[in-house]
Amino acid sequence: MSANGSSESGCKLEVRPSNNTCNLQQELSVTSSVISMTVGIFSNSLALFILVKSYTRARVKSKASFLLFASSLVVTDLLGHIINGSLVLFVYSSHRKWEKFDPHHIVCIIFGVCMVFFGLSPLFLGGAMAVERCIGVTRPIFHSTTLASHHMKRLLGLTWLLAALVAVLPVLLQRPYRVQSSRSWCFFQMEEPKDWLDVLLPLLFSLLGLLALLLSIVCNTLTSCTLLQARQSHKHHCRSTSHHIEMIGQLLVIMVVSCVCWGPLLFHIIMLSTRAKDKPASVNLLMVVRMATWNQILDPWVYILLRKAVLRKLFMLLNNCWGTNFHHLHRWQQSFLHSSMETSTSAAGPPACHCHGVPLRDTGIKAIS
């Protein structure tokens, strides 16, 4: 979801080009859109290269499942920046004169569908990844024997299908997307809804997004508690939890980023949809949309930075800089790396960790490097 338009400050399209304030606002908005699009494409392309390289080396089934979802998330974010960013630049290049370049309302419908699809898909994928990891950690035998790779691919397809269905639902119900007040993007009918359908559609969008965030929070919390309990019960012979912890760490950061970036927009849409008709909006809608756009920029850096190879170099650098003051963290680093080496050298060894009496198999991924 990438939409960076001009601010809704009342600078209308009818203002003459000699108005320096409006021209400056439009130039800043175009520059912001270009920067956001460029950074998003670069970040997601780099993360995709790392994940695809790791996916080709994956030998453990659950590792491949996690990398499949992670790669799909990055691909979705990448396409969102390319498609939505291109639409924004096209609108600005046409001077936001929708009546001239879009007389049949086709571009606006495509724009709105893309905004909703590329907005909900990352949230749904984050929830699916959290559920998959929760099953892999709390029910490892069921995960390894029942959930095959084609099941993961079907779940991935259903996730995209649900997001696409919500995106095209306004078109199917003959409630097409509308040009927003900044005239730089299209979204649901948020101002002066005609009937209950105009209220229901944005509410459905927000409630599904919040449900995906809640599902991620519950599953990641349950998984983290299970891993901590297993590690405390087997402090000296826990060979497989280091990879789980790396993976859960990535999911937790993705969850926090999604909540911070998407929470204001989802709650703001609910408030706009349920407010009284004569009550003005208190928050700029475009501002919270821009916050949501940063989710697709920050997500790939989770996979780029939160890797054992990167963390190992960071610990070594801090150890060299701080010396003896870094002694306790250095000891943690040595035990962490020793656990990783044991896991990599014991491909067929017996499981060393147990969760609630069930062996915690090596269902985590290895270092993404």
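Residues numbered from 1 in each chain as written. Predicted model: local features only at pLDDT ≥ 70, side-chain atom pairs only at ≥ 80, totals over all residues. Heavy atoms only, no water.

Caption draft 1: Highlighting the overall build of the protein. When its secondary structure is counted, the protein shows 11 helices and four strands. When each of the 369 residues of the protein is scored for burial, the buried share is 47%. Partitioning the contacts of the protein with sequence separation of at least 6, the portion at a separation of at least 24 is 80%. (Helix = DSSP H or I, 4+ residues; strand = E, 2+ residues; numbered from the N terminus. Buried < 20%, exposed > 50% of the residue type's maximum accessible area, 1.4 Å probe, protein only. Contact = heavy atoms within 4.5 Å.)

Caption draft 2: Examining the pattern of salt bridges more closely. Enumeration according to the criterion identifies four salt bridges in this entry. Its salt-bridge partner being Arg175, residue Asp195 comes within 2.3 Å of it at the nearest N-O pair. Highlighted residues: Asp195 in the loop between β2 (186-187) and α7 (196-233) and Arg175 in the loop between α6 (149-172) and β1 (178-179), separated in sequence by 20 residues. Across the salt bridge formed by Asp198 and Arg175, the nearest N and O atoms sit 3.5 Å from each other. Placement of Asp198 in helix α7 and of Arg175 in the loop between α6 and β1 is noted, with a sequence separation of 23 residues between them. Connected via shared salt-bridge partners are Arg175, Asp195 and Asp198. (Salt bridge = Lys/Arg side-chain N within 4 Å of Asp/Glu carboxyl O.)

Caption draft 3: Geometry of the nonpolar core. Core analysis: the biggest nonpolar cluster contains 47 residues, and Phe111, Val116, Phe187, Phe205 and Leu285 have the highest contact counts within it. Counting only elements with at least two residues in this core, the list comes to α2 (61-93), α3 (98-101), α4 (106-138), α6, β2, α7, α8 (241-274) and α9 (285-305). At 12 residues, α4 tops the list of elements feeding residues into this core. Once residues lying within four places of it in the same chain are set aside, the contact partners of Val116 are Val166, Ala167, Tyr177, Phe187, Phe188 and Phe205. Within the second largest apolar cluster, 27 residues are counted, among which are Val137, Ile248, Ile254 and Val302. (Core = buried A, V, L, I, M, F, W, Y, C linked by side-chain atoms within 4.5 Å.)

Caption draft 4: View of the environment of Ala164. Mapped onto the elements of the fold, Ala164 is located in helix α6. Given a relative accessible area of 29%, Ala164 falls into the partly exposed group. Spatially, the C-alpha atom of Ala164 lies 7.9 Å from that of Val113, the residues being 51 residues apart in sequence.

Caption draft 5: Focus on the packing of aromatic side chains. Applying the stated criterion across every chain, the model contains nine aromatic pairs. Each ring, one from Phe90 and one from Phe101, has its centre 5.3 Å from the other, and the planes form 80 degrees; the classification is edge-to-face. Of this pair, Phe90 sits in helix α2 while Phe101 sits in helix α3; the two residues are 11 residues apart in sequence, bridging distant segments of the chain. Note on Phe90: relative accessible area 36%, which makes it partly exposed. Pairwise contacts between aromatic rings join Tyr177, Trp185, Phe187, Phe188, Phe205 and Trp262 into one cluster. (Phe/Tyr/Trp six-rings, centres within 6.5 Å; stacked < 30°, edge-to-face > 60°.)

Caption draft 6: Looking closely at α6. With 24 residues, α6 extends 33 Å from end C-alpha to end C-alpha; this agrees with the ideal 34 Å at 1.5 Å per step. The largest bend along α6 reaches roughly 30 degrees and is located at Val166, with the proline Pro170 sitting one to four residues downstream. Where α6 terminates, the next one or two residues include Gln174, which has phi positive at roughly 60 degrees. (Expected span 1.5 Å × (residues − 1). Bend = angle between axes of the 7 residues up to and from the residue.)

Caption draft 7: Spotlight on the packing of α4 against α7. Close contact between α4 and α7 brings their axes to 8 Å; oriented N to C, the two are set at 25 degrees. Relative to α7, α4 is oriented roughly parallel. Judged by the twist between their axes, the crossing of α4 over α7 is left-handed. In terms of residue class, the contact of α4 with α7 is built from 16 nonpolar, eight polar and one charged. (Axes fitted to C-alpha atoms, helices over the stretch in contact; angles between N-to-C directions. Parallel < 35°, antiparallel > 145°, perpendicular 65-115°, else oblique. Left-handed = near helix turned anticlockwise from the far one by under 90°. Nonpolar A, V, L, I, M, F, W, Y, C, P; charged D, E, K, R; others polar.)

Caption draft 8: Main features of the UniProt feature "transmembrane region" (unreviewed entry) in the protein. When the UniProt feature table is mapped onto this chain, "transmembrane region" (unreviewed entry) is found at residues 34-52, 64-92, 104-125, 155-173, 203-230 and 251-271. A helix fraction of 100% and a strand fraction of 0% characterise residues 64-92, whose end C-alpha atoms lie 42 Å from each other. (UniProt positions renumbered as here; feature names shortened; annotations may be inferred.)

Caption draft 9: View of the state of the cysteines. For the structure on display, the rule yields one disulfide. Across a sulfur-sulfur distance of 2.2 Å, Cys108 and Cys186 are joined as a disulfide pair. On the sign convention where negative means left-handed, the S-S torsion of about -125 degrees between Cys108 and Cys186 marks this disulfide as left-handed. Note that Cys108 is positioned in helix α4 and Cys186 in strand β2, a separation of 78 residues in sequence. Cys134 provides the cysteine sulfur closest to Cys219, a residue in no disulfide bond, and the two sulfurs are 4.7 Å apart. (Disulfide = S-S within 2.5 Å.)

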